[in-house]
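Residue-level structure breakdown
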Amino acid sequence: TQAIIMPDLTMFSFQMNDVVVGSLPEDPKGNARRKKLRRAIALAFPYERWHRILRNNLWAVPAKTFLPPSLPSAQYIPDCTWRKTDLALAKTLLAEAGFPEGMGLPTLTFELAGADSLTRTQGNLVVNALQDIGIQCIAVPNTWSAFQEKARQGKAQLFSRGWTLDWADASNVLF
């Protein structure tokens, strides 16, 4: 018997309309700073700890692109430049964004899609990782419906989403 590998992704997301982490059409200079901030956050993300603790190093293959690694076409996509943990570079980019060691940056909010222990562990991983580069962040537990509402209304500043592809094809992700 052969195991069936489900093509799925867990994505760390930014509310792109947010004045702290987003990209605002009327503010190109600020957008350049916020892009560096997003990259710093991506470089601080605890990819290996996330996989070890939440996936038990067993039941998922970490994606290195925007496509699940179980899709045959994923091998043709170059790895995402920012999908690695590099705290030194994260701190450099944070300083270039105008927030050396997090100074002057408001506390960020990571919205959780539940309040169970696994979801709180996700929140703790992100909060601790961001603290490692000087960013203060709080994880906010929500009911599923409250989380969905915040995401729909653009009120979830940072959040993660999971997606199991209903059709295992790269065009499904691109669409």
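The coordinates are above.
So, here is what we can say about the structure in this document.

What counts, and where the lines are drawn
Starting from 1, residues in each chain are numbered consecutively following that chain's sequence as written. In keeping with the model being predicted, local features are shown solely for residues with a pLDDT of at least 70 and side-chain atom pairs are shown and tallied solely at 80 or more, while totals for entire chains, interfaces and linings include all residues. Hydrogens and waters are ignored; side-chain quantities use all the structure's heavy atoms. Put simply, a nonpolar core is a bunch of buried Ala, Val, Leu, Ile, Met, Phe, Trp, Tyr and Cys residues held in one set by side-chain atoms that sit within 4.5 Å of each other. Residue burial is assigned from relative accessible area. The probe radius is 1.4 Å, only protein chains are included, and a residue is buried under 20% of its type maximum, exposed over 50%, and partly exposed in between. By definition, any uninterrupted DSSP run of H or I lasting at least four residues is a helix, any uninterrupted run of E lasting at least two residues is a strand, and each is numbered from the N terminus. Throughout, a residue-residue contact means that at least one pair of heavy atoms, one from each residue, lies within 4.5 Å. We call two strands paired when DSSP finds no fewer than two bridges between them. If the strands point away from the viewer and the path from the first strand over the helix to the second runs clockwise, then the crossover is right-handed.

Counting 30 residues, the largest nonpolar core has Leu37, Leu94, Leu108, Leu130, Ile135 and Leu158 as its most contacted members. Among the secondary structure elements, those contributing two or more residues to this core are helix H1 (28-44), helix H2 (47-54), helix H3 (87-96), strand E2 (108-111) and helix H4 (117-131). Counting residues per element, this core draws most heavily on H1, which supplies six residues. With sequence-adjacent residues up to four places away left out, Leu37 is seen in contact with Val20, Val21, Leu94, Ala97, Leu105 and Ile135. Leu67, Leu165, Ala170 and Val173 belong to the second-largest nonpolar core, a separate cluster that totals six residues.

For a regular strand, side-chain orientation follows a simple rule: the groups alternate between the two sheet faces. Burial of the side chains of E2 extends over both faces: Leu108 and Phe110 are buried on one face and Thr109 and Glu111 on the other. Relative to strand E3 (residues 137-140), E2 runs parallel, the two being bridged by four bridges. Within E3, the residue paired with Phe110 across the bridge is Ala139. As for the winding sense of the linkage, the β-α-β connection from E2 through H4 to E3 is right-handed. Where E2 meets strand E4 (residues 158-164), two bridges bridge the pair, whose relative direction is parallel.

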